[in-house]
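Survey of secondary and tertiary structure
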Amino acid sequence: MITTSSRRHSGATPTPLSGRAAAVVLAAVLIASFMELLDATIVSVAAPQIAADLGAGEAALQWTLAGYTLAVGAGLITGGRVGDQFGRRRVFLLGLGGFMLASAGCGLAPTSGALIGMRVAQGLAGGLMIPQVFGVIRASFAPEARGKALGVYGAVLGLASVAGPLLGGVLTEADLLGLGWRAVFWVNVPIAIIGLIIGIRFLPESTAAGGARLDLPGAMLAAAASVLLLLPLVQGREWGWPWWGFAILASAIFVAALFLLRERRLAARGGQPILDPALLRVRAFAGGLSVSLLFFGAIGSFFLLLSLYLQLGTGRTALETGLVILPYAVGSIVTSGVGAQLAHRAGRALIVSGALVLAASQVVLLLLVRGGAAPSFWALAAPLFLGGLGLGLTAPSLINVVLAGVPGKDAGAAGGVLTTVTQLGNALGVAALGAVFFARVEGSFTGAATPLAAYGDGLAAILPWQIACYVVAAALMFLLPARAHAPQAPHGPH
């Protein structure tokens, strides 16, 4: 009988697990990871149906994605330290329960505003939950077993990336119990219940010795600066770009400056800030922040805008859209394992190659979209599969390559900031590229274009920006170390 559930390991880590106990604990945290990543991808395919049912405008669709990713980033800022201080098991279960309730709230949302609010709640719960996954794996597994656990973790995330777009199409199209698109949120509830049952019964408790105090004022300033930056980018077109929209944008710079000033003073007093400004003087870290913003900013809005083009432009169903996107996920799985294994030998060359492969895939896609006719499944499959290959070479290895150039004592803090910046990049991509897309679509419809031509114009308008982001990111990657450290546990936001 497994009896690891209720043991409290005060200020320390539990005894490393093995056998059935280890498998059950790993299952609990992997269920949560699968659910969170599934929710990040599944919504894009359902977006057109959400817009039609709730009467949601373009800005509301952007907030449905950007609000979630921004909230995840805000939660990651403090989630790791909350778990270290108050117990990873406790915080994990709190985050998992909150994610389940917020998912049910999304499924019940009567308006687009309510849906956005519940998506933000989902993101905050996910930001609490996900950092504990790495903490639990580090604390519960002996070093020789940790590599296998992380390998299973990577495989599960790959499965979620494949399942997301396909499951989104299946659930939306099947209209189970008359739920329509709401099923993509309700599917989280039984998954979370299973995770909670396993976690409550079997998950061991662990904390970090000498846990650091939370920098809540710093977290609030960082979140405020992010919202002030995104708000005018998403809403500006609906507002008509008034002067006060630009004033809000300028205030984001002011709040960001206050954040850096506070962090500098906190570090000078011997505290532990979210972002130690001294890290910005480390070339690899500063370069890594820029690369992450550009790279994940280009990816952030891609699946939402591609889904709108495929469904509202070419007339495909949600299921057909999921099938079209599937080659991208398959390509990512093909190279992600290879990328992670080779990062310590040729990390920089690997991620530069991945970024350039992604840029090439978008060039091919741009030519197809500009062709005038609706591209066939097989015509789209080739560039999307190529893009997935590029993503798999870059995304799993990028943070570890960056951290190879950061002093060891700062690696944990730097890893947390980089992880958060990837979420911010995703949200910025949805805001900025989404604004370009919708403005071009609206302009095309004003000129009496067909839906295919209008949404094709929108997609063709953002693809050059994405290509530029990947190319510039590839150039900035030469600021990074030539190779990553040997494979090890990922650096979570601690």
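For the structure, check the block above.
The structure contained in this document is the topic of the report that follows. (Residues numbered from 1 in each chain as written. Predicted model: local features only at pLDDT ≥ 70, side-chain atom pairs only at ≥ 80, totals over all residues. Heavy atoms only, no water.)

**Observations regarding the nonpolar core**
This is how it is decided: Here, nonpolar core refers to any group of buried Ala, Val, Leu, Ile, Met, Phe, Trp, Tyr and Cys residues whose side-chain atoms link them within 4.5 Å. Here's how the labels work: a residue is buried when its accessible area is under 20% of the maximum for its type, exposed when over 50%, partly exposed in between, all with a 1.4 Å probe on protein chains only. Under the scheme used here, helices are H or I runs from DSSP no shorter than 4 residues and strands are E runs no shorter than 2 residues, and both carry numbers assigned from the N terminus. Contact between two residues is taken to exist if any of their heavy atoms lie within 4.5 Å; hydrogens are not considered.
Counting residues in each nonpolar core, the largest one holds 135 residues, and the members touching the most others are Phe92, Phe285, Phe295, Phe437 and Met477. Take this core: its biggest share by element is 20 residues, from helix 1 (residues 19-54). Met477 has contacts with Val291, Phe295, Arg348, Ile351, Val352, Ala355 and Thr394, leaving out every residue within four places of it along the chain.

**With respect to the packing of helix 11 (residues 302-313) against helix 15 (residues 451-476)**
What counts, and what does not: The angle between two axes is taken between their N-to-C directions and runs from 0 to 180 degrees, where each axis is a line fitted to C-alpha atoms and a helix contributes only its stretch in contact. Orientation is classified from the angle alone, with under 35 degrees giving roughly parallel, over 145 giving roughly antiparallel, 65 to 115 giving roughly perpendicular, and any other angle giving oblique. Crossing handedness is read from the near helix: turned anticlockwise from the far helix by less than a right angle, it gives a left-handed crossing, and turned clockwise, a right-handed one. The residue classification treats Ala, Val, Leu, Ile, Met, Phe, Trp, Tyr, Cys and Pro as nonpolar and Asp, Glu, Lys and Arg as charged. All others, Gly included, are polar.
At their nearest, the axes of helix 11 and helix 15 sit 9 Å apart, and the two run at 160° to each other. Taken together, the axes of helix 11 and helix 15 lie roughly antiparallel to each other. In terms of crossing hand, the pair formed by helix 11 and helix 15 is left-handed. Where helix 11 abuts helix 15, its residues Phe302, Leu305, Leu306, Leu308, Tyr309, Leu312 and Gly313 lie against Pro451, Leu452, Tyr455, Gly456, Leu459, Ile462, Leu463 and Gln466. When its residues are assigned to classes, the contact of helix 11 with helix 15 shows twelve nonpolar, three polar and no charged.

**Here we look at the pattern of salt bridges**
Note the cut-off: Salt bridge, as used here, is a side-chain nitrogen of Lys or Arg placed within 4 Å of a carboxyl oxygen of Asp or Glu.
In the structure shown here, the tally under the stated rule is six salt bridges. Note that Arg182 and Asp53 form a salt bridge whose closest N and O atoms lie 3.8 Å from each other. Of this pair, Arg182 sits in the loop between helix 5 (143-174) and helix 6 (183-186) while Asp53 sits in helix 1, and the two are 129 residues apart along the sequence. For Arg182, a relative accessible area of 17% translates into the label buried. A residue is classified by how much of its surface remains accessible, and Asp53, at 45% relative accessible area, is partly exposed.

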